[in-house]
Every structure is written in structure tokens, then in C-alpha cells.
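Chains, contacts and geometry: an overview
What follows is the residue order along each chain.
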Amino acid sequence: MSRKLGYRLLGRGFDYLLHLRPAEWPILTGHLLTGAALSVGLRGLFHRALAGTLFAGGLCVVIGLNGGTLALNSAFDRDVGDIAYLRRPPPPPPQLGVLGFGLMLLGLAASLLLRLPRAFLLVYSLCLVLSVLYSVPPFRLKAKAGLDWIINLLGFGLLTPYAGWVLTGRALTPVGWTLLIAFALLFSALYPLTQLYQLEEDRRRGDRTLAAVLGVERSLGLAVGMAVLAFAGFALAGWEANWAGAGAWLRWGAVAVAAIAWASVLLPWWRQRRSMAPTAHQAGMQRALGVWALTDLAVLFAWAR
């Protein structure tokens, strides 16, 4: 129904919007704001002086940087099957790559004009460079196993919440560093899970993604191992924060709930790995994305109240 309405309103121009993959925007926005809330607390997000900065920075990152990156990626991938955050993708329209790169530059220009914090500009610029290296030949690091993984754990796992933090104008604390590193480790668990249902298409295209090289079994083993390390990082951050008093068990409980949620996704996936079709792997990825959002909420409850 939403696609029919979109094409009725925008015609074939709706293809461009679809390739920006707006289904990811709420997840990315939540992760960006998690970084800001860890810096100033949940109430601080609504402070009048800060809210405008967060709104502007959020638009630059979510639509300019992320939407542009995904459009640029689609322009060179030319996927036929489902891709992350977009089922039944339409053929990439003409000049999709130009639109994607233009959106990234527009976000950078807006950040400069709006005088957003210098640290945010540096993070945005670094992510822009990584996005081009990831998607565009002859670099196309997404087709080089290991490098694709590193870029994603840095870009989404670490630098996205870091961008939210520095938008507040505050320096990152030692506990903050531990939390962001834990998020990077957790995204290093999630990333191969987003590729398992696309293995056949990636291999047919000749892309040596991390999952294509490792295969299903070792990719899932990597995901389980990195998730364990990530929650060890969250536990370390709790210890560094000196949780004590009557409310401490609620904070530890929130972290435990998130860990149990990840286990409820990963362990059955591991047990059934040899009999799963690509559609089952895709359903597993969707569950993992939901658990990622739950983890953001758990971290906010534990550290940003």
C-alpha cells in the first residue's frame, strides 16, 4: 500500500527514495541519540539550546550521510534480491550514485553552515570517506572480506553514537569510551548476520564479503563470540560507573535482559544453521535488528537516566 501511494505521488522518482532506505532511519536515529543521551542524560536531549543542534545533526547524518551512503551503495551493487531495509528493490534509477554522493556532500555543507561542533564535522568527514571507499570502484572495500567488517563496526557501531555524543559539546568520558567500544563489538556481531541471506547473490557478483568467505557456520560463530565480548564491555562499563544502591540491580537487570535477548536470537540460529534457507536467515536478521534496538533502550535505561 505504501509503495502504491509513493509511486502515485512521486512517479518513478519514488525509486530514488526507496534506495535511501528510510526503513533504517529510525534505527540509526535511535543509535545516534543514544550517544547524545549517554552524554547529557535523557532529559538533556530536550534542552532547548541542544535540541536544535541534535535535530540538525541528526538530519545531516541520517538522511545526508546514511541515506546517501545506501543510495551510492545500491548504485554499484545493482541488487536483484532483497537487501537490508529494502525488500524487492527496484532497479537503480539513473544518477542514483550522483544523488547519493550529493546528499553526503550536502550534509557536510549543512554541518559547516550550521556551525556544528568541530568533532562532529571530523566524524562526518571520516565517515564520508569510508562510505566512498566502501562502495565505489576501484576501492569497493565491501567486496574485500575483513575490511567490509571493520568499516561497518567503525561507522555504525562506534562513530554513530560518538557523533551523537560530540553534538552535545561535551568530552567523552572513560565510561563513555567503554560503552562505545562495546557497541562497536556488538555491531561486529550484527554485520555478518546481515549478509547471510545474500550469500548467493554476493558470490555470483564476485564480492568477497566477510560472510561469503567465512560461510554460514563460521559467520555465526563470529557473531556469537563478538556478542559475548560486547556484553563483557557493557559489564565493564557498569563496573566503571560504580553502580551501587537500591537501583543498581535494575541497571544490571537491563543489561541482562539485552544479553538474554541476543542469546535468544543467536543460539537457535546456531543450532539450526545447517538447515536454514536464505529466507530463514533473513528473518533471523530482522530479529537481530529488533534486539539491537532493545539494546539501545537497555543502555539508555542503565546509564542515561
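Residues numbered from 1 in each chain as written. Predicted model: local features only at pLDDT ≥ 70, side-chain atom pairs only at ≥ 80, totals over all residues. Heavy atoms only, no water.

1. Digging into a nonpolar patch on the surface
- Taken together, Leu5, Leu9, Leu10 and Leu17 make up a surface patch of nonpolar side chains, about 380 Å² in accessible area.
- For the nonpolar patch, the element with the most residues is helix 1 (residues 2-10), which contributes three residues. (Patch = residues over 30% accessible without salt bridge, like charges linked within 9 Å, V, L, I, M, F, W, Y side chains within 5 Å. Areas by Shrake-Rupley, 256 points an atom, 1.4 Å probe, with all protein chains shown as cover. Salt bridge = Lys/Arg side-chain N within 4 Å of Asp/Glu carboxyl O. Helix = DSSP H or I, 4+ residues; strand = E, 2+ residues; numbered from the N terminus.)

2. Describing unusual backbone geometry
- Residue Pro137 is joined to Pro138 through a cis peptide bond whose omega torsion reads 5 degrees.
- Of note, Arg140 is a non-glycine position whose phi angle comes to about 40 degrees, a positive value.
- With respect to the element layout, Arg140 can be found in the loop between helix 6 (118-135) and helix 7 (147-167).
- Its identity as a non-glycine residue notwithstanding, Asn242 has a phi of 55 degrees, on the positive side.
- The topology assignment puts Asn242 in the loop between helix 10 (210-240) and helix 11 (248-271).

3. A few points about the nonpolar core
- The biggest cluster of nonpolar side chains holds 92 residues, and the ones touching the most others in it are Leu193, Phe234, Trp262, Trp292 and Trp303.
- Contact partners of Trp262, with chain neighbours within four places excluded, come to Leu186, Leu190, Phe231, Ala288, Val291, Trp292 and Thr295. (Core = buried A, V, L, I, M, F, W, Y, C linked by side-chain atoms within 4.5 Å. Buried < 20%, exposed > 50% of the residue type's maximum accessible area, 1.4 Å probe, protein only. Contact = heavy atoms within 4.5 Å.)

4. Focus on the environment of Pro22
- One can find Pro22 in the loop between helix 2 (14-19) and helix 3 (25-40).
- Take Pro22: its relative accessible area is 30%, and that puts it in the partly exposed class.
- When the C-alpha atoms of Pro22 and Leu70 are compared, they prove to be 9.9 Å apart, with 48 residues separating the residues in sequence.

The analysis is restricted to geometry; functional conclusions fall outside its scope.
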